[in-house]
Every structure is written in structure tokens, then in C-alpha cells.
Amino acid sequence: MEMIYLILVLFLGGAVLTWLLGKISPIIRDILFISSVIIPTVLFFMNVEVGHDVSFQVLGYKLSWGISYLAYLFSYIVLGLGSLASVYAVAAMKGKKNLGFFYSNFILSIMSMMGILLSRDLISFFIFWEIMTWSSYLMVVFRGKDVQKVGIKYFVFSAIGAYAMLMAIVIVNSLTNSLLISDLVSSFGSFSLSMKWLIPLLLLIGFAVKSAMMPLHVWAPGAYSNSPMAFTSMFSGALSKMGVYGMIIVMVSLVSYIPNGFWLKETIAWLGGITAVGGTLWAVAQDDAKKLLAYSSVAQLGYIIVGIGIGTPLAMLSALFMAVMHAIFKGNLFLVVGAIERQTGTSNLTEVSGLIRKMPWTFISALFSIIALAGIPPLGGFVGKWMLYESLIGSNHYLLVIVVFFSSTAAFLYSYKFLFGFFLGQEEKEWSHIKEAPAMMVVPMMILAVATFVLGTFPGLVLNPIDNGLQELGFASTQGRYWEMSALFNEWGNQVMLQPLVYAIIAVFLFFAAFLTIKGFKHTRYVTTKDISSSGEVPKEHENLTFSQNFFQPFLRAVEPFMKRRIDTYYSGIGNGLEAIFDFTRRIYTGNGQTYALYAVIFIVVLLMFKNALFGL
Amino acid sequence: MELILNILGAIATIVLAFTVGMSYGGIVRKITARVHNRMGPPWYQNFIDAFKLAGKTTAINHGIMQHFGPAFIMVSSIVSLMIVPVLNGGGWFENLNFGGDLIFLLYIMVFGPLGMALGAGQTGNPNSAIGITRGLSQMVGFEIPWVMALVALMVQFDTTSIVDIMRIQNESGTWMMFSSPFAFIAAVMAMLGMFRYSPFDIVGAPTELASGPVSENGGKYLLTMMSSGSIFAFVKLTLYVDLFMGGADNLIILVLKTFALYMIPVLYGIVSPRYRTEQSIRFFWGWPTFFGLLAILYAVFV
């Protein structure tokens with residue numbers, strides 16, 4: 001059997017079997033779930049090669065599946081994060097109700113994402129896109145909380161995106177009489193000017209919804225925080241990247257050929273920058289870790305969109321590298337929140353505190369991810385940030401670089417809030433019984449944490465497949481010009497040599513860590529966090545010294561004017577307005593026979609009055 | 001052999017930075033005292049403090065992150081010291097000047113506050129955490145004009161390398177503070193916040209927060225933080241000299257230039273009251289940012 005079919009069939013069959021046979025025994029269900037994620041993953045990476053494709057006819061249309069270099073890069077994200085998250089999910093969701101449904105949706109969403117990456121024609125792309133939306137929608141409402149508010153919002157925005165995309169597909173089909181993406185790209189130059197603008201815009205609306213770009217982002221915070229964390233890791237890490245994948249193809253293969261398409265690119269880049277700032281500021285204001293990470297995801301995707309919008313080779317490198325890094329660190333952070341929520345029962349930063357000694361491994365993986373998120377060297381997040389700044393400065397976007405820099409500096413605030421809220425600060429009695437999460441949850445988190453470190457020293461490991469993808473899109477090779485295995489260059493030839501820097505950092509760190517700890521543990525005794533000097537007084541046991549309310553109040557006061565306007569309120573306004581119109585329409589049907597008779601009389605009178613104009617008599 | 005020489009050079013740089021930074025700290029204490037009409041400690045008081053702290057034994061700890069926090073800060077100070085060129089032409093102090101550029105430097109410089117934040121966080125002292133949140137907020141404030149000034153320089157000379165910017169100044173014979181004055185003004189205003197003297201000293205706020213982040217640290221921990229602070233002050237001053245005042249050809253000129261520059265935040269601070277956090281953030285987003293914008297416009301159009 002053709003390997004691509006086999007992989008999709010395995011996913012689909014796995015989803016169905018996990019649901020059906022899962023009713024027999026939980027162990028069978030768990031084994032089926034993990035194996036139906038891992039087996040197709042292994043098969044995919046062993047047997048599917050780039051360039052290989054299969055095609056078949058449906059109703060006279062040629063459909064085609066295969067994998068490109070760019071899609072191969074994204075399949076690392078989907079399948080790598082998918083496998084780790086699935087192992088994690090089994091331990092994290094243990095004992096929850098309705099698990100067969102959860103697992104099969106999980107597998108379906110991985111299948112749909114692989115389907116999107118494998119599709120080479122628009123119609124299977126659209127079908128897999130809809131499966132992805134549906135399966136993630138069911139995950140958002142899985143816990144049955146806020147279905148009205150969050151679920152419907154996600155659904156409405158996804159529907160807007162999907163209809164826009166469908167419209168574009170229909171237009172393309174009527175113009176080219178083919179559904180293959182390659183035909184669209186090759187004949188795009190011959191379309192009329194209005195079509196050249198309309199088709200990319202419609203497609204971009206569809207992709208922008210999934211990648212949560214301003215002003216289509218309002219569904220994201222609720223949807224990310226409402227689904228189970230094991231899935232949110234995929235949701236924010238991999239699913240949102242499908243929007244990025246689509247956007248890259250549209251921006252490079254279509255928008256570049258629009259006359260004056262430059263302005264569209266600028267607009268997209270600025271929207272990305274505004275998304276980044278807005279997401280960051282709102283993340284700082286959140287007290288719930290899930291919401292905080294959700295807004296932070298919106299902001300991080302903003303950076304990626306900036307990179308795509310700028311569109312120079314260095315910017316594309318940075319966007320794709322940040323996409324991979326975001327999958328790793330944000331996927332990991334959602335797993336961390338899931339672990340904490342499982343152990344303590346809450347994810348509120350103002351309630352939990354001082355877990356560092358209880359959950360040390362979770363802390364380490366959170367620390368690595370946070371450093372990567374903040375873009376601090378020597379971890380991988382820095383590489384993407386560096387390339388983004390260099391590309392912005394190199395392509396004369398001086399104000400945008402300030403905007404992006406502001407957002408990424410303000411990101412330190414919520415990064416620290418996350419770490420401090422959960423792990424540092426006062427150790428309270430309420431949480432003294434907490435144990436580390438089970439190994440099946442900790443190991444995937446640690447693997448992701450190590451990945452951030454490795455990619456910080458050897459970014460070439462990821463930049464190489466990215467480079468292949470870019471060459472496929474028509475860019476010249478960037479290796480040697482912008483990057484080596486562990487060195488980065490900008491357009492003016494300035495460089496960052498990562499290896500000597502990383503070794504220097506490690507050497508200095510080890511030296512001082514040894515200097516501070518070598519006697520530290522033998523000769524000192526551990527004391528509780530109550531045993532501190534608080535303005536010269538020793539606080540009593542019952543005194544509450546936890547600092548978690550209004551954490552960044554001074555900062556929020558300073559940025560208050562920026563945060564007054566929310567796009568959400570405008571959408572609610574539109575929603576209320578529509579409801580009022582519908583309500584008015586409903587009133588026409590009074591249920592009273594005499595009113596209906598009056599309508600008929602009025603209708604006839606109007607007809608008679610305007611008969612000359614209407615019938616020309 | 002070359003590796004050993006490099007390591008020796010690095011150690012020499014660290015010793016230099018430590019000595020100069022500590023002496024400056026002592027001199028500032030003296031100057032502040034004289035302005036306040038006090039006698040003040042001798043200029044070498046900081047060295048005495050350092051020796052005293054090194055000799056102390058520590059009795060208690062609050063956990064591993066408290067140990068690693070100061071080490072993180074040291075990483076930030078020393079690695080940025082390795083990146084910033086000390087003298088024109090490198091010489092003994094070349095270190096890793098080739099390895100990183102301005103944007104790398106910007107990011108490695110915030111590694112320290114993060115380490116400080118983590119170390120202080122584990123002690124559980126609420127004053128530390130409050131100090132940290134204020135410090136981070138204020139950092140968001142002054143980074144904006146600072147980055148604007150740097151972007152203006154990068155744009156003007158098409159480079160992000162500090163060595164290149166120094167070379168350009170030496171070739172043209174004018175200092176950057178004259179050839180791009182607005183960038184210099186914005187950068188100096190940002191520098192007021194960077195050194196955390198009044199009116200921007202709410203982070204440590206000695207009487208209110210019990211020195212904030214560093215409370216709960218004594219002995220070797222405080223020594224590490226103190227020496228890191230001194231090295232970091234030297235790094236920042238040298239960076240300003242490199243970027244705006246044409247670098248220095250020898251150590252004496254370097255000391256003169258850095259000292260002159262250092263007096264700006266110190267003397268401004270001595271006579272200033274204290275801003276609240278949001279006031280200081282708004283200060284940095286006011287005039288300094290305006291000058292930053294002017295600097296970028298100047299770099300693009302002139």
C-alpha cells in the first residue's frame with residue numbers, strides 16, 4: 001500500500017479503534033492511543049521522502065498528496081510535539097471521564113494536520129483544515145466549561161476563516177479549472193488585478209484566524225485556556241503553525257507577484273507587530289497561568305507574522321526558526337501548567353506558590369522554556385529573535401523594530417510572573433503535600449527543555465531544513481550567507497559565534513556555582529521561607545508574606561492608556577447589534593391573524609401605489 | 001597555547017573591570033557624602049567590604065536557586081565584559097569581541113536581572129519580589145530610548161558590531177556624540193535608569209524595601225552580587241565610551257572618559273528625589289523616546 005495512504009489510514013483507524021475498543025479496558029485504550037500516534041510517526045520519518053507524491057481522480061478533478069521540504073519542516077513540529085504530548089496526555093488525563101473521545105480527537109487533529117501538510121490540492125487541504133477545526137473545537141468544549149462564550153467564539157471565527165478560504169478555492173477553480181496548488185501558483189500571473197488581490201486576501205483571512213493575528217485573535221485566549229492542557233500544547237504549538245504554513249505559501253508564492261503587493265506585506269508585518277504588543281501587555285495583566293500563556297502565544301505568533309510579512313530571506317529564516325522554537329517552548333510551558341494543575345488542582349498564579357522544592361524537574365523544564373521564550377542567550381529563542389531584529393534593521397523597518405523590541409522586553413515581565421507565581425516565593429502549608437508529577441509527564445517536558453538548549457548552540461540543525469524549504473519556495477541558499485551550524489550573520493556581515501559564547505557562559509556559570517555551593521550545602525542548613533529578615537523583624541508563622549496580587553501593578557498603571565481599547569468589545573457590539581436586528585425581525589411574526597391581514601393589505605396598497613413604476617402600466 | 005593566553009587575557013580584563021568598578025563605587029560614596037555635607041567612607045571602602053564579605057561563613061540557605069542566582073548574574077556581567085571592547089584595537093583585552101554584536105549584548109545584559117530575580121525569588125522575602133517587579137518594569141521603560149539610540153547608530157553606519165562603530169569613529173576623527181547628538185542624548189537619558197541612582201532608585205529603595213532584591217543575601221552571595229555590579233558598571237560605561245566617545249587608546253584615557261560619563265547619573269542622582277515606578281516608566285517614554293525618534297530620523301535622513 002502507498003505509504004502516505006497507510007499513514008493517514010493508520011491515524012484514522014487508530015482514532016476509531018481507540019474510541020471503540022477503549023470502552024473495553026483503559027489499558028488497551030492507552031496502548032492503542034500511544035501506538036496510533038507513534039507508529040505512523042515512525043513510518044512517516046522512515047519511509048516518506050520529500051518529492052514523492054501520489055495523485056488520484058475524484059469526480060473528474062485531479063487530487064494529489066505528497067510532501068514538500070517546507071511541509072517536512074512543519075511535520076517535525078506536528079509529529080514530534082504530537083508524540084511527546086500524547087505520552088504526556090496518557091499520564092495527565094488518567095482517571096478523567098470520556099477519555100476515548102478525547103484520545104480519538106487528539107489523533108484526528110494530528111491526522112488532519114498531517115493531511116494539511118501532505119495536501120497538494122486545495123480541496124483536500126480544505127477538508128483536512130475543517131477536520132482540524134472540528135477536532136480542536138470538540139477539544140475546546142471538552143470540559144464542558146464556558147461552551148457558550150469560548151466555544152462559540154472559536155467556532156464563529158473558524159467559520160469566517162473557512163468560508164473565506166472556500167470562496168477563494170471556488171474562485172480559483174472557476175479561473176483555472178484545476179484544484180492543484182501548483183496550478184494556482186503557475187497561473188497566478190495571468191489573473192486580472194482584482195483577482196490577484198482577492199484570492200490572497202481571502203486565503204490570508206483563513207490562515208490569519210488560525211494563527212491568531214490581530215484583529216482575528218479574540219478566540220485564542222479563551223480557546224487555548226479552555227481545552228485540556230495536554231491538547232493545548234498541540235493547539236498553541238502545532239495547530240496554530242498551520243496558519244503560519246499557509247501564510248508563508250500565500251505570501252511568498254502569490255503576494256510577491258501582485259503589483260504593489262509590497263503594501264499588503266507591510267500591513268501584515270505591522271499587524272503582526274501590533275499583535276505582539278497587545279498580546280504581551282494582556283499577558284502581563286493575567287493572573288491565570290493558562291490565560292497568560294494563551295496571550296503570550298498570540299504575542300509570539302505576532303513575531304512570526306512580522307517575519308513573514310517582511311519577507312526577506314533573513315526574516316523568513318527567523319520566522320520559521322521562531323515557529324519551531326515556539327512549538328518547543330510554548331508546547332512545553334502548557335505541559336508544565338498541565339502538570340501543576342494536575343498536582344495542585346489550580347492554575348491560578350495567585351493561589352499556588354513555592355513549588356520549586358516539590359516539583360524540581362517541572363521547574364527546570366519551565367525555566368529552560370521561559371529563558372527560551374524571553375529570547376535570552378544561550379537558549380534557542382535568542383537565535384530567532386536575533387535574526388528578526390537584524391532583518392528588520394536591514395530592511396529599513398526602524399519603527400517596527402522598536403515595537404517588536406518593546407514587546408519582547410515586556411515579555412520578561414510575564415515570564416517572571418509565571419516562574420515566580422508557581423515556583424518561587426513563600427512556601428505555603430497548603431501546598432506542602434504536593435509531589436512531583438509522574439515520570440511519563442516529566443520526561444517529555446525534559447526532552448523539550450533539552451531541545452531548547454541544543455538548538456541554542458547548534459541552530460543549524462533546524463536552519464538546514466528551513467533552508468531547504470526556502471530554496472523550494474524560490475529563495476537562494478542562505479547557508480554560509482546568514483548562518484553556519486553554530487554561527488549567525490546579518491546582511492552587513494556582522495556575526496554571532498554561538499559556540500565560544502555558550503562555552504564561556506557555561507564555564508563562568510559552573511565556576512561561580514561551585515564557588516557558591518561547594519561549602520554551601522555541607523555547612524549551611526535549610527530554613528523555611530518564613531525564616532527571613534523582613535525589615536529587621538523575624539515574621540511569625542501565621543503572617544502571610546505571599547506576594548502575588550497585583551504583581552505588576554505599577555507597570556500596568558503606566559500602560560493603562562494603551563489597554564483601554566479592546567477589539568473584543570467592538571465584536572461584542574457587532575454581535576449585540578445583530579441580535580437586536582434578529583429580534584426585530586422576529587417581531588414581524590406576531591402570531592395574530594389580524595396583523596397578517598394588515599400586512600397583506602399594506603402590500604397590495606404599496607403595489608397599487610407604485611404600479612406605474614413597477615410594471616410600466 | 002593560544003587558549004591559555006586568551007584565558008589569561010580574560011582574567012586580566014575581569015580583574016581590571018573589578019578594580020575600576022569597585023573604586024568608582026567607593027568614590028561615588030565619597031562624593032555623595034560630601035554633597036550631603038558628611039565625611040563619608042574612604043574611597044577604598046568597597047574593597048574592605050569585599051574582603052569582609054569573603055571572610056564570612058554562611059549559616060543558612062533557602063534552596064538551590066538562591067545559590068545559582070548570583071552565578072547567573074556573574075554570567076551576565078562577565079560575558080558582556082567579554083563582548084565589549086575595552087581598548088581600541090583590542091590588544092590584551094580582545095576576548096570575545098568578535099563573537100557577539102550589539103543585539104547579542106542587549107540580550108545577554110538582561111540575563112543578570114533574570115538570575116537576580118530567580119535567586120531573590122526563592123528566598124521568599126516579599127520585599128525582594130516587589131523590588132524585582134519594579135526593576136523589571138523600569139527596565140521596560142529605559143530599554144526603549146536605549147534601543148532607539150542603538151538602532152540609530154546601526155542605521156547610520158550599516159553595522160551592528162561595536163568594533164566597527166569604534167573603527168568608523170577613529171577613521172572619521174569625530175566622536176559619535178557629536179556626529180549623532182540625538183542618539184547620545186537618548187542614550188544618556190536611558191543611562192540614568194540603567195545605573196539606578198535617584199530618581200530611579202525605587203528598585204532597591206533602601207529604607208522602604210530593605211534594599212529589595214539583595215536582602216536575604218550575605219557573605220559570599222552578597223560578595224558575588226557586589227562584584228558583579230561593579231563589573232557591570234564598568235561594562236556599561238566602557239560600552240558608552242566605545243559607542244559615543246570613540247573608544248580609548250589606553251587605560252588612562254579609558255578611566256578618564258568613563259569617570260566623566262559616570263558622573264552624569266551620579267551627580268544628577270544626588271540632588272534628585274525618587275520617582276514612583278510608573279512615573280519613571282512614563283519619564284522614559286516621554287522626552288528620551290522623543291530624542292530616540294529624532295535620532296532615528298536624523299540617521300535616516302541626514
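The residue numbering used here restarts from 1 in each chain and proceeds along that chain's sequence as written. Note on labels: chains are lettered from A, ligands numbered from 1, in written order. Restriction of local features to residues with pLDDT of at least 70 applies here, the model being predicted, together with a cutoff of 80 or more for giving and counting side-chain atom pairs; totals for whole chains, interfaces and linings are based on all residues. Only hydrogens and water are removed before side-chain values are computed, so all heavy atoms of the structure are retained for them.

**Q** Would you take a moment to explain the overall build of chain A for this structure?
**A** By the criteria applied, helices consist of DSSP H or I runs no shorter than four residues and strands consist of E runs no shorter than two, each listed in order from the N terminus. For chain A, the helix and strand inventory stands at 25 helices and 6 strands. For the radius of gyration, the atoms used are the C-alpha atoms, and the globule rule reads 2.2 Å times the number of residues raised to 0.38. Relative to a compact globule of 617 residues, whose C-alpha radius of gyration would be 25 Å, chain A shows 27 Å and is just as compact. Oriented by its inertia axes, the alpha-carbon framework of chain A measures out at about 110 × 65 × 60 Å. Burial classification: accessible surface area is computed with a 1.4 Å probe over protein chains only, and a residue below 20% of its type maximum counts as buried, one above 50% as exposed, and the rest as partly exposed. Across the 617 residues that make up chain A, the buried fraction comes to 59%. Pairs at least 24 residues apart make up 78% of the contacts formed inside chain A by residues separated by at least 6 positions. In short, Shrake-Rupley with a 1.4 Å probe defines the accessible areas, and a residue's cover is counted only from the protein chains shown. Carbon together with sulfur atoms contributes 66% to the accessible area of chain A, which is approximately 24500 Å² in total. Only four residue types enter the tally: Lys and Arg on the positive side, Asp and Glu on the negative side; His and the chain ends are excluded. Charged side chains are reduced to one point each, which is NZ for Lys, CZ for Arg, CG for Asp and CD for Glu. The average position of the 38 basic charges and that of the 30 acidic charges among the side chains of chain A differ by 6 Å. Note on contacts: a residue pair is in contact if any heavy atoms of the two residues lie within 4.5 Å.

**Q** Looking at this model, I keep getting lost on the nonpolar core. Mind explaining?
**A** Where a protein is soluble and globular, its nonpolar side chains tend to be buried together. Take the buried Ala, Val, Leu, Ile, Met, Phe, Trp, Tyr and Cys residues and link them wherever side-chain atoms come within 4.5 Å; each set so joined is a nonpolar core. Ranked by size, the top nonpolar core spans 318 residues in total, and within it Phe-102, Phe-418 and Phe-423 of chain A together with Phe-244 of chain B carry the most contacts. Counting residues per element, this core draws most heavily on helix α13 (residues 313–344) of chain A, which supplies 21 residues. Aside from chain neighbours lying at most four places away, what touches Phe-244 of chain B is Leu-153, Gln-169, Trp-175, Met-176, Met-177, Ala-183, Phe-184 and Ala-187 of chain B. Counting residues in hydrophobic clusters, the runner-up holds 5 residues, among them Met-22, Phe-47, Ala-50 and Leu-53 of chain B.

**Q** Can you help me understand the packing of aromatic side chains in this one?
**A** The description of an aromatic ring pair uses the distance of the two centres, along with the angle that the planes make with each other. Residues and elements named next belong to chain A. Aromatic contacts are taken between Phe, Tyr and Trp rings whose centres are within 6.5 Å, Trp giving its six-membered ring; a plane angle under 30 degrees counts as stacked, one over 60 as edge-to-face, and the others as tilted. Under the counting rule described, the total for this entry stands at 76 aromatic pairs over all chains. On the basis of an interplanar angle of 55° and a centroid distance of 5.9 Å, the ring pair of Trp-65 and Phe-128 is categorised as tilted. Remark: Phe-128 occurs in helix α5 (residues 122–140) and Trp-65 occurs in strand β2 (residues 61–66); sequence separation between them is 63 residues. For Trp-65, a relative accessible area of 14% translates into the label buried. Note on Phe-128: relative accessible area 8%, which makes it buried. With 6.2 Å between their ring centres and 85° between their planes, Trp-134 and Tyr-137 make a pair best called edge-to-face.

**Q** Please explain the interface of chain A and chain B as it appears in this structure.
**A** Interface extent is often summarised as the accessible area lost during association of the parts. On the side of chain B, 74 residues touch chain A, which itself brings 75 residues to the contact. Buried area: the accessible surface (1.4 Å probe) lost by two parts on joining, summed over both. The contact between chain A and chain B buries some 6600 Å² in all, and 76% of this surface belongs to carbon and sulfur atoms. Any carboxyl oxygen of Asp or Glu that lies within 4 Å of a side-chain nitrogen of Lys or Arg is treated as forming a salt bridge with it. Across the chain A-chain B interface, the total number found is 1 salt bridge. With a shortest N-O distance of 2.7 Å, Glu-278 of chain B and Arg-557 of chain A are connected by a salt bridge. Throughout this description, a polar contact denotes any pair of N or O atoms lying within 3.5 Å of each other; where both atoms belong to protein, one of them has to be capable of donating a hydrogen while the other can accept it, and for residues adjacent in sequence the pair is counted only when both atoms sit in side chains. At the boundary of chain A with chain B, the tally comes to 12 residue pairs in polar contact (both at pLDDT 80 or more). Counting residues per element, the side of chain A that touches chain B draws most heavily on helix α16 (residues 398–423) of chain A, at 14 residues. Any residue outside Ala, Val, Leu, Ile, Met, Phe, Trp, Tyr, Cys, Pro, Asp, Glu, Lys and Arg is labelled polar, Gly included; the first ten of those are nonpolar and the last four are charged. The class makeup of the residues in the side of chain A that touches chain B is 52 nonpolar, 16 polar and 7 charged. Bridge count for strand β6 (residues 525–526) of chain A against strand β1 (residues 60–61) of chain B is 2 bridges, and the pairing is parallel. Across the sheet, Arg-525 of chain A pairs through a bridge with Ile-60 of chain B, a residue of β1 of chain B. At least two DSSP bridges between two strands are required for those strands to pair.

**Q** Quick question: what am I supposed to make of the sheet that holds strand β3 (residues 483–484) of chain A here?
**A** Hydrogen bonds between backbone groups are what pair the strands of a sheet, and the pairing can be parallel or antiparallel. Residue and element names in this part refer to chain A. The strand order across the open sheet built from 3 strands is β3-β4-β5, with neighbouring strands paired in antiparallel fashion. Since the sheet does not close on itself, it has two edges, and those belong to β3 and β5 (495–497), each with one partner. Bridge analysis of β3 against strand β4 (residues 487–489) gives 2 bridges, and the strand direction is antiparallel. Bridge pairing in β4 places Trp-483 opposite Leu-488.

**Q** Before we go on, may I ask you to explain unusual backbone geometry in this structure?
**A** Leaving glycine out, the prevailing phi sign among residues is negative, and the prevailing peptide bond configuration is trans. Residue and element names in this part refer to chain A. Backbone torsion omega between Met-214 and Pro-215 reads -5°, so that peptide bond is classified as cis. Position of Pro-215 relative to the elements: it lies in the loop between α8 (193–210) and α9 (219–226). The amide bond that connects Pro-377 to the next residue, Pro-378, takes the cis arrangement and shows omega of 10°. The topology assignment puts Pro-378 in the loop between α14 (360–374) and α15 (381–394). For Asn-396, which is not glycine, the phi torsion reads 65° and is therefore positive. Turning to its location among the elements, Asn-396 is positioned in the loop between α15 and α16.

**Q** Would you mind going over a nonpolar patch on the surface with me for this structure?
**A** Residues and elements named next belong to chain A. A surface patch of nonpolar side chains, about 740 Å² in accessible area, is lined by Leu-598, Val-601, Ile-602, Val-605, Val-606, Met-609, Phe-610 and Leu-614. In terms of residue count, the dominant contributor to the nonpolar patch is helix α24 (residues 593–609) (6 residues). Turning to its location among the elements, Val-601 is positioned in helix α24. When its relative accessible area of 47% is taken as the criterion, Val-601 is described as partly exposed. Grouping into patches uses exposed residues only, defined as over 30% relative accessible area, and leaves out salt-bridged ones; the cut-off is 9 Å for like charges and 5 Å for nonpolar side chains (Val, Leu, Ile, Met, Phe, Trp, Tyr).

**Q** Help me understand the pattern of salt bridges, please; the structure alone is not making it clear to me.
**A** Two side chains carrying opposite charge are able to pair once their charged atoms lie near each other. Residue and element names in this part refer to chain A. Applying the stated criterion across every chain, the model contains 12 salt bridges over all chains. One salt bridge connects Asp-287 with Lys-417, and the closest N-O pair in it is separated by 3.4 Å. Of this pair, Asp-287 sits in the loop between α11 (261–285) and α12 (289–310) while Lys-417 sits in helix α16, and the two are 130 residues apart along the sequence. You can call Asp-287 partly exposed: its relative accessible area is 30%. For Arg-357, the salt bridge goes to Glu-427, with nearest N and O atoms at 3.8 Å. Residue Arg-357 is found in the loop between α13 and α14, and its partner Glu-427 is found in the loop between α16 and α17 (439–457); the two are separated by 70 residues along the sequence. Using a relative accessible area of 42% as the deciding quantity, one classes Arg-357 as partly exposed. The structure contains a network of salt bridges with shared partners spanning Arg-357, Lys-358 and Glu-427.

**Q** Would you explain helix α14 (residues 287–301) of chain B in this entry?
**A** Structurally, the α-helix is built with 3.6 residues per turn, so residues lying three or four positions apart point the same way. Expected span, for any helix, means 1.5 Å times one less than how many residues it has. For α14 of chain B, which comprises 15 residues, the first-to-last C-alpha distance of 21 Å matches the rise-based estimate of 21 Å (1.5 Å per residue) to within 8%. All of the buried residues in α14 of chain B are Pro-288, Thr-289, Phe-291, Gly-292, Ala-295, Ile-296 and Ala-299 of chain B. Around the axis of α14 of chain B, the buried residues are gathered within 160° of arc, so they sit on the same side. The exposed set on the far side of α14 of chain B, more than 90 degrees from its buried face, consists of Trp-287 and Phe-301 of chain B. Tucked inside the fold, the buried residues of α14 of chain B contact α16 of chain A together with α6 (126–157), α9 (181–195) and α13 (277–284) of chain B. This arc is taken over the directions from the axis of the helix to the C-beta atoms.

**Q** Even after reading the chapter, I still don't get the side chain of Lys-210 of chain A, so can you show me in this structure?
**A** Residues and elements named next belong to chain A. Tracing the chain through its elements places Lys-210 in helix α8. Buried and unpaired, Lys-210 has Glu-130 as its nearest opposite-charge partner, separated by 6.7 Å. Within the local environment of Lys-210, its side chain forms a polar contact with the side chain of Ser-158, the two groups lying 3.5 Å apart.

**Q** What is the right way to look at the packing of α9 of chain A against α12 of chain A in this model?
**A** Angle between the axes and distance between the axes are the two parameters that describe a pair of packed helices. Residue and element names in this part refer to chain A. To obtain an axis, a line is fitted to C-alpha atoms, over the contacting stretch when the element is a helix, and the angle between two such axes runs from 0 to 180 degrees between their N-to-C directions. At a minimum axis distance of 8 Å, the contact between α9 and α12 shows a crossing angle of 130°. The pairing of α9 with α12 is recorded here as oblique in orientation. α9 and α12 meet at a crossing whose hand is right-handed. Of the residues in α12, those touching α9 at Ala-220, Pro-221, Gly-222, Tyr-224 and Ser-225 are Lys-290, Lys-291, Ala-294, Tyr-295, Ser-297, Val-298 and Leu-301. Here the residues of the contact of α9 with α12 are counted per class, giving 7 nonpolar, 3 polar and 2 charged. Angle categories: roughly parallel below 35 degrees, roughly antiparallel above 145, roughly perpendicular from 65 to 115, and oblique for all the rest. Definitions for this section: a left-handed crossing has its near helix turned counterclockwise from the far helix by less than a right angle. A right-handed crossing has that turn clockwise.

**Q** Would you mind showing me how to read the pairing of strand β1 (residues 53–58) of chain A here?
**A** Looking down a regular strand, the side chains alternate between one sheet face and the other. All names here are of chain A. With 6 bridges joining them, β1 and β2 adopt antiparallel strand pairing. Its bridge partner lying in β2, Val-58 is registered against Tyr-61. The loop that links β1 with its antiparallel partner β2 comprises 2 residues; one of these, Leu-59, has a positive phi angle of about 50°.

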